[in-house]
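Residue-level structure breakdown
Spelled out, the chains give:
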Amino acid sequence: MRKAGYSRETRETTVTAKVNLDGTGKAEIDTSVKFLDHMLTSMATHSLIDIKVEAVGDLVHHIVEDVAIVLGEALLK
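This write-up is about the structure you can find in this document.

Conventions used here
Residues numbered from 1 in each chain as written. Predicted model: local features only at pLDDT ≥ 70, side-chain atom pairs only at ≥ 80, totals over all residues. Heavy atoms only, no water. Helix = DSSP H or I, 4+ residues; strand = E, 2+ residues; numbered from the N terminus. Rg over C-alpha atoms; globule rule 2.2 N^0.38 Å. Buried < 20%, exposed > 50% of the residue type's maximum accessible area, 1.4 Å probe, protein only. Pairing = 2+ DSSP bridges. Axes fitted to C-alpha atoms, helices over the stretch in contact; angles between N-to-C directions. Contact = heavy atoms within 4.5 Å. Core = buried A, V, L, I, M, F, W, Y, C linked by side-chain atoms within 4.5 Å. Parallel < 35°, antiparallel > 145°, perpendicular 65-115°, else oblique. Left-handed = near helix turned anticlockwise from the far one by under 90°. Nonpolar A, V, L, I, M, F, W, Y, C, P; charged D, E, K, R; others polar.

1. Looking at the overall build of the chain
- Regarding its fold elements, the chain presents 2 helices and 4 strands.
- Counting from the amino terminus, the chain carries its helices and strands in the arrangement β-β-β-α-β-α.
- Over its C-alpha trace the chain gives a radius of gyration of 12 Å, about what one expects of a compact globule, namely 11 Å for 77 residues.
- Based on the C-alpha atoms only, the size of the chain along its principal axes is roughly 35 × 25 × 15 Å.
- Each of the 77 residues in the chain was classed as buried or not, and the buried ones make up 35%.

2. A look at the sheet that holds strand β2 (residues 13-20)
- Taken in spatial order, the 4 strands of this open sheet run β1-β2-β4-β3, and their pairing is mixed. Looking at strand neighbours, the two that pair on one side only are β1 (3-9) and β3 (27-30), the edges of this open sheet. The sheet shows a mean angle of 5 degrees between the axes of neighbouring strands, direction not considered.
- Two strands pair when backbone bridges link them, and β3 and strand β4 (residues 50-57) are joined in this way by 4 bridges, in the parallel orientation. When the sheet's bridge partners are listed, Ile-29 is paired in β4 with Val-53.
- Contacts from helix α1 (residues 34-47) reach β3 and β4, with the element oriented near 165 degrees to β3.
- Strands in contact with helix α2 (residues 60-76) are β1, β2 and β4; relative to β2, the strand with the most contacts, it is inclined by about 35 degrees.

3. Focus: the nonpolar core
- Membership of the largest hydrophobic core comes to 18 residues, with the highest contact counts inside it found for Val-19, Leu-40, Ile-51, Val-53 and Val-67.
- Elements with a contribution of two residues or more to this core: β2, α1, β4 and α2.
- Counting residues per element, this core draws most heavily on α2, which supplies 5 residues.
- With residues near it in sequence (within four places) discarded, Leu-40 still touches Ile-29, Thr-31, Ile-51, Val-53, Val-67 and Leu-71.

4. Some thoughts on the packing of α1 against α2
- Viewed as axis vectors pointing N to C, α1 and α2 meet at an angle of 20 degrees, and their least axial separation amounts to 12 Å. As judged from the angle between their axes, α1 and α2 are roughly parallel. Along this stretch, α1 crosses α2, giving a crossing that reads as right-handed. On the side of α1, the interface is formed by Leu-36, Leu-40 and Met-43, while α2 contributes Ile-63, Val-64, Val-67, Leu-71 and Leu-75.
- Of the residues that constitute the contact of α1 with α2, the class distribution is 8 nonpolar, no polar and no charged.

Given below as structure tokens:
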């Protein structure tokens, strides 16, 4: 199976992502940004990639930015 994970911790955020490219579209998303949670869930559902993301941070901007970095790195792996 093609699985990978990546984590990033900065002064502003702590983000962890795991992906399974051979999944079924299962999503476990918790970023505290409802629209971002919705979009990542939709991405998992329609791409059939299992995605798990956990993120905490100070500002919505920093959370969204670092989730994108971490998810991109996990997919790259």
